[in-house]
Amino acid sequence: MGSGRKGGEQAMRILVAAVGRARQGPERDLFEHYARRISPPLLLKEVEEKRPVPPARMKKRQGEMLLAAVPAGAAVVALDAKGRALDSAALAGRTADWRDGGIRDLALLVGGPEGLDEAVLGRAGLVLSLGPMTWPHMLVRGMLAEQIYRAQCILAGHPYHRE
């Protein structure tokens, strides 16, 4: 797939930072299937607190680790069920706006079972919902990778996306 970029537009690096470690299996395979198609390659940073701590402290600690993974100057998108639902074309448009506005890095943050800490939600330029249903956190990674790939296809005029 071509980049679809004009003239001097720079490719935007995209990072998915997520709580938990993905094991071998269909959820990881789905993520990798789409991640391989994205250019420049989609990066995944997994964070995990291994010490047993109370749920409120766990949520705060996971938030600290997710925010530490965000590159300086990055646009931040937090995935949260209470966030804003966008269709694929709107997500592609937001991505293009960031890219065309000089944003070099985009970080998409996926929390754990306790959700995202308020500090993460407060740092996000966009709080995004994948809909009102609850999705397994490992499956969200694959769904997100597919939507990033779809956004690149929309922006490149590639026929993958059909309305």
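In this text the structure is predicted, and so the values were computed from the model without any measurement.

A.B. asks: Quick question: what am I supposed to make of the pattern of salt bridges here?
C.D. replies: Between side chains of opposite charge, a pair can form as their charged atoms come close. One pass over the full model with this rule turns up 12 salt bridges. With a shortest N-O distance of 2.7 Å, R51 and E49 are connected by a salt bridge. With a relative accessible area of 12%, E49 lands in the buried category. Several salt bridges share partner residues, and in doing so they unite E49, R51, R57, K60, R61 and E64 into one network.

A.B. asks: I keep staring at the side chain of Q62 and nothing clicks. Help me out?
C.D. replies: Its place among the elements puts Q62 in helix 2 (residues 55-69). Judged by its relative accessible area of 7%, Q62 is buried.

A.B. asks: I would appreciate a short explanation of the packing of helix 3 (residues 88-100) against helix 5 (residues 137-156) in the present structure.
C.D. replies: Any two packed helices are characterised by how steeply their axes cross, that is the angle between the axes, and by the distance between the axes. For the pair helix 3 and helix 5, the least separation of the axes is 9 Å and the interaxial angle reads 75 degrees. In terms of orientation, helix 3 lies roughly perpendicular with respect to helix 5. Only Q147, R150, A151, I154 and L155 of helix 5 make contact with helix 3, whose side of the interface consists of S88, A89, L91, A92, A96 and R99. Looking at the contact of helix 3 with helix 5 residue by residue, the classes come out as seven nonpolar, two polar and two charged.

A.B. asks: It is not clear to me how the packing of helix 1 (residues 26-35) against helix 5 should be interpreted in this structure. Could you clarify?
C.D. replies: For the pair helix 1 and helix 5, the least separation of the axes is 8 Å and the interaxial angle reads 15 degrees. Here helix 1 is positioned roughly parallel relative to helix 5, judged by the angle of their axes. You can see that helix 1 and helix 5 cross each other, and the crossing is left-handed. For the pair helix 1 and helix 5, the contacting residues are E27, L30, F31, Y34 and A35 in the first and M138, L139, R141, G142, M143, A145, E146 and Y149 in the second. Residues that form the contact of helix 1 with helix 5 fall into these classes: nine nonpolar, one polar and three charged.

Conventions adopted
- Residues numbered from 1 in each chain as written.
- Predicted model: local features only at pLDDT ≥ 70, side-chain atom pairs only at ≥ 80, totals over all residues.
- Heavy atoms only, no water.
- Salt bridge = Lys/Arg side-chain N within 4 Å of Asp/Glu carboxyl O.
- Buried < 20%, exposed > 50% of the residue type's maximum accessible area, 1.4 Å probe, protein only.
- Helix = DSSP H or I, 4+ residues; strand = E, 2+ residues; numbered from the N terminus.
- Axes fitted to C-alpha atoms, helices over the stretch in contact; angles between N-to-C directions.
- Parallel < 35°, antiparallel > 145°, perpendicular 65-115°, else oblique.
- Contact = heavy atoms within 4.5 Å.
- Nonpolar A, V, L, I, M, F, W, Y, C, P; charged D, E, K, R; others polar.
- Left-handed = near helix turned anticlockwise from the far one by under 90°.

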